[in-house]
Every structure is written in structure tokens, then in C-alpha cells.
Amino acid sequence: MLTLSIREGEMAADGFQFDFTPEVEAQTLPAWEKVKRHVTPMEWRKQAPLIAEINRLKREKGAVILAHNYMTPEIFHGVGDFVGDSLALAKEAARSDAKVIVQAGVHFMAETSKILSPEKRVLIPDLLAGCSLASSITGADVRLIKQRYPGLPVVTYVNTTADVKAETDICCTSANAVQVVEEAARQWGVDRVILIPDEFLARNVARQTHIGIIAWQGRCEVHERFTAEDILELKAAYPGAEVLAHPECPAEVLEVSDFAGSTAAMNDYVLQRKPRQVVLITECSMADNVAADAVDTEFVRPCNLCPHMKRISLENIYEALLHDRYEVTVDPAIAERARLAVQRMVDLPPPAVPARYDLVKARHHVDVELI
């Protein structure tokens, strides 16, 4: 139990008075045990009353909160009902009996939740929580691409808007991109596939398969900032650390890393292998969230923050629930076509091998055709 028990009121934007009471302290103790290595007691006295009130509002309104891996620990562990990567969150929400979904993530994730749960009300706490990768391409761009490459299947990363998914043959995640590319080539009877919009994911997939890749020049502003030089410097400074990289990073980063895989694969790697020291080459809040369950592992944190993810806070999650805002809608005609592309991916059998990128293959240069 926290030793700080003095009542200290915090005024919410709507005038609601929050106090760190013994009752709030008891209600939020499980979350505190998760985050106490990353949140100070002073911060927690301000956060815990909001967490308790958010959790009360969820029960009252039949809502669930989807907390992405890149959320800060007090959101991820304090109010998240389902946590993980974007597609896993949307699938869990669709299976739940909740009437309201609050997306603690970015706008394209809320759209995906709406696509998979059209009967549910989907809220996002900040309408400006966007994504540099998702905004790099539009549905009109995809239509032009299909005109330029007739007959080739379009595989689209789930980190895209609904109108892009609607122009897509099948979606993929970073975990199953290689499998989806090869399956699309098999089904369409071709030896080249269009993989959009992440250029670095496409380049890394190209090194894992014999299928030719046509790529778009979209990038995640968090992952593109990492360089091979950064990794080599980290290895020199921390020679015992294992470096885990996300495949949205440049190929040169994967070449000098010890493991490459999706956020879920990195999480599983740490929890199962229990490395003494580890570096996660991705958005840095993920390290805080994984560390809560990996107490014997030391995390070295090269910190690239996503400014869009960080627009989501306990305060605006509370206001989204309280005021029933901001609702995310998708045109039913677009949603129906986008759902088909997502469903085709969901219907694929699980990958035959674990969701990781073979680093021997990753070190071989393979050209992609950039659109």
C-alpha cells in the first residue's frame, strides 16, 4: 500500500473534484504495483483518482478501453481492458459485449475497431491523434497504383485508414506480412506483390521471401529515426544487452540487431527468454509496459516518442467517457470493403513459424521497386 495518504484534490476540466483517498488507493493498488518503477508517488496521487473514476465510468456505460503498446504505463496498466497491438485490440473489442469502445491509440486504430464492430460506438479521446504512416497514402493513391500494376494483388499494412483498406485485396500486420505476401502471390498466381505503405517494412519483408515487392515510400516517424549507428553505439555501451528491433525500422537497423519482430513478438521474446539486459528499438513507452511484467530484465531505453500516441491522456480518456466524445464513424460502403480485406487476413491459418524476421536473410540486400 502507498504510504502517501494525505488527501490532495485535483480539479478536472469539468470541475469534478478528484481526491487521493484510502478508497482510491485500495482500488488502484494492482495498477500501482505494475507501474511503481516508472511513475513517482507524487504523480500517482494525481493519476490514481482519475484511474478510479475512469474505471467506474466504464462499468456505468458498458465501455472497454483498448490500450495500445505505445500508451504510457498509467493508461496501459491502469485503465486498459485490452492491451497489445492495433489489430489484436480491435479483434478483442469485437469479441466483447461492450457497447462502447474507447481507443487509447490513434485514429486509424479507431477506424479498424469500427470496421470490425460496426454496431458499437467507437470513441477516440483526441481527434488529432493521427499517424505519419497512415497519412502517407490515400485510397485515391491506391486506385492509381492498381491502374499502374493491373492484376497484381495489393497487400496493405493495417496501419492505414479505412479508405485505403477499402481499395486493398488483403491486409497484413508486421507479424504476418511475409506469410500474407506469399499467400497473396499464390492465390493470384503471380511472382510480384504490392506491399504498402511502409517502405521499411516492405524492404524487410523482401529480404524474407522470394516474392518480388513493389513498395510505397511511407514511413513511421518513430521507427525511421533509428539508425545502424545508433544500434552499434548501444552495443558498444551495453555489450551484454540484446537488441530487439521492429520491422518498421530501416533494414540497416535489422542487420545489426539480435532479433526482429512485431511488438507482440518482442514482448514474447522478453517474457519467455528473460534476457538480463535488453533494448527495444521501437516507441519507448513499450519498454515501460513490458518491464512491468519482466522484473528481472534491465531495459536500456533509447527514447523515440510518438507525438500522436502521446496526445492520449488519462484526462481526455475521462472526458471521452464522460461526454461521449469523439465518435469515430466509417462510411458503411467503405467499411464493408475494408472489412473484407481485414477478414481475408484473419481467415489465414496461423504462421507455420514464430512471428520473427530471420536475421540471416535480413542481412542480404534485395531490391524493391519503389512507386
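If you're wondering where the values come from, they're calculated on a predicted model, not measured in any experiment. (Residues numbered from 1 in each chain as written. Predicted model: local features only at pLDDT ≥ 70, side-chain atom pairs only at ≥ 80, totals over all residues. Heavy atoms only, no water.)

> Looking at this structure, I do not really get the side chain of lysine 165. What am I missing?
Turning to its location among the elements, lysine 165 is positioned in helix 8 (residues 162–165). One buried charge, lysine 165, has no salt-bridge partner; the nearest side chain with opposite charge is glutamate 111, at 5.9 Å. At 3.3 Å, the side chain of lysine 165 forms a polar contact with the side chain of threonine 112. Only 2.8 Å separates the side chain of lysine 165 from the backbone oxygen of valine 158, close enough to count as a polar contact. (Helix = DSSP H or I, 4+ residues; strand = E, 2+ residues; numbered from the N terminus. Buried < 20%, exposed > 50% of the residue type's maximum accessible area, 1.4 Å probe, protein only. Lys, Arg positive; Asp, Glu negative; His and termini not counted. Salt bridge = Lys/Arg side-chain N within 4 Å of Asp/Glu carboxyl O. Polar contact = N/O pair within 3.5 Å; in protein donor to acceptor, adjacent residues only side chain to side chain.)

> Please explain the pattern of salt bridges as it appears in this structure.
Where charged atoms of side chains with opposite charge meet at close range, the side chains can pair. All told, the structure shown has 22 salt bridges when counted by the stated rule. Between arginine 121 and glutamate 327 there is a salt bridge whose closest N-O contact spans 2.5 Å. Note that arginine 121 is positioned in strand 6 (residues 121–123) and glutamate 327 in the loop between helix 15 (314–323) and helix 16 (332–346), a separation of 206 residues in sequence. Owing to a relative accessible area of 28%, arginine 121 belongs among the partly exposed residues under this scheme. Between glutamate 199 and arginine 219 there is a salt bridge, with the nearest N and O atoms lying 3.2 Å from each other.

> How should I be thinking about the sheet that holds strand 11 (residues 242–245) in this particular structure?
Backbone-to-backbone hydrogen bonds join strands into a sheet, with any given pair of strands oriented parallel or antiparallel. The sheet built from four strands is open, its strands ordered 12-11-13-14 with parallel pairing. Only two strands of the sheet have a single neighbouring strand rather than two, namely strand 12 (259–260) and strand 14 (298–300). As paired elements, strand 11 and strand 13 (residues 277–281) share four bridges and run parallel to each other. Note on strand 13: the bridge partner recorded for alanine 245 is isoleucine 281. (Pairing = 2+ DSSP bridges.)

> Got a minute to help me understand the pairing of strand 9 (residues 192–196) in this structure?
For a regular strand, side chains alternate in direction, first toward one face of the sheet and then toward the other. Along strand 9, four of the five residues are buried, which leaves the element largely enclosed by surrounding structure. By the bridge criterion, three bridges tie strand 7 (residues 154–157) to strand 9 in an arrangement that is parallel. Looking at the pairing, valine 154 lines up with isoleucine 194 of strand 9.

> Any chance you could explain the pairing of strand 5 (residues 100–104) here in plain terms?
Across the five residues of strand 5, five count as buried, placing the element largely inside the fold. Where burial is concerned, the two faces of strand 5 agree: the one with Val100, Val102 and Ala104 and the one with Ile101 and Gln103 are both buried. Taken together, the five bridges between strand 3 (residues 63–68) and strand 5 define a ladder with parallel strand orientation. Residue pairing for strand 5: alanine 67 is matched across the bridge by alanine 104.

> So what exactly am I meant to see when it comes to the environment of histidine 77 here?
Looking at the secondary structure, you find histidine 77 in the loop between helix 4 (73–76) and strand 4 (82–84). The spacing of histidine 77 and asparagine 289 is 212 residues in sequence and 7.7 Å in space, taken between C-alpha atoms. Setting aside residues up to four positions removed in sequence, histidine 77 forms contacts with Ala31, Lys34, Val35, Asn289, Ala292 and Asp293. (Contact = heavy atoms within 4.5 Å.)

> What is the right way to look at the packing of helix 5 (residues 86–95) against helix 6 (residues 107–116) in this model?
At a closest axis distance of 9 Å, the pairing of helix 5 and helix 6 adopts a crossing angle of 35°. Our pair here, helix 5 against helix 6, has a crossing hand that is right-handed. Counting all contacts with helix 5, which are made through Ser86, Leu87, Ala90, Lys91 and Ala94, the residues of helix 6 involved are Phe108, Met109, Thr112, Ser113 and Leu116. Split by residue class, the contact of helix 5 with helix 6 holds six nonpolar, three polar and one charged. (Axes fitted to C-alpha atoms, helices over the stretch in contact; angles between N-to-C directions. Left-handed = near helix turned anticlockwise from the far one by under 90°. Nonpolar A, V, L, I, M, F, W, Y, C, P; charged D, E, K, R; others polar.)

> Even after reading the chapter, I still don't get the environment of glutamine 208, so can you show me in this structure?
Note that glutamine 208 resides in the loop between helix 10 (199–206) and strand 10 (212–215). Distance in space between the C-alpha atoms of glutamine 208 and glutamate 221 is 24 Å, their sequence separation being 13 residues. Not counting chain neighbours up to four residues away, the residues in contact with glutamine 208 comprise Val178, Glu182, Tyr357, Asp358, Lys361 and Ala362.

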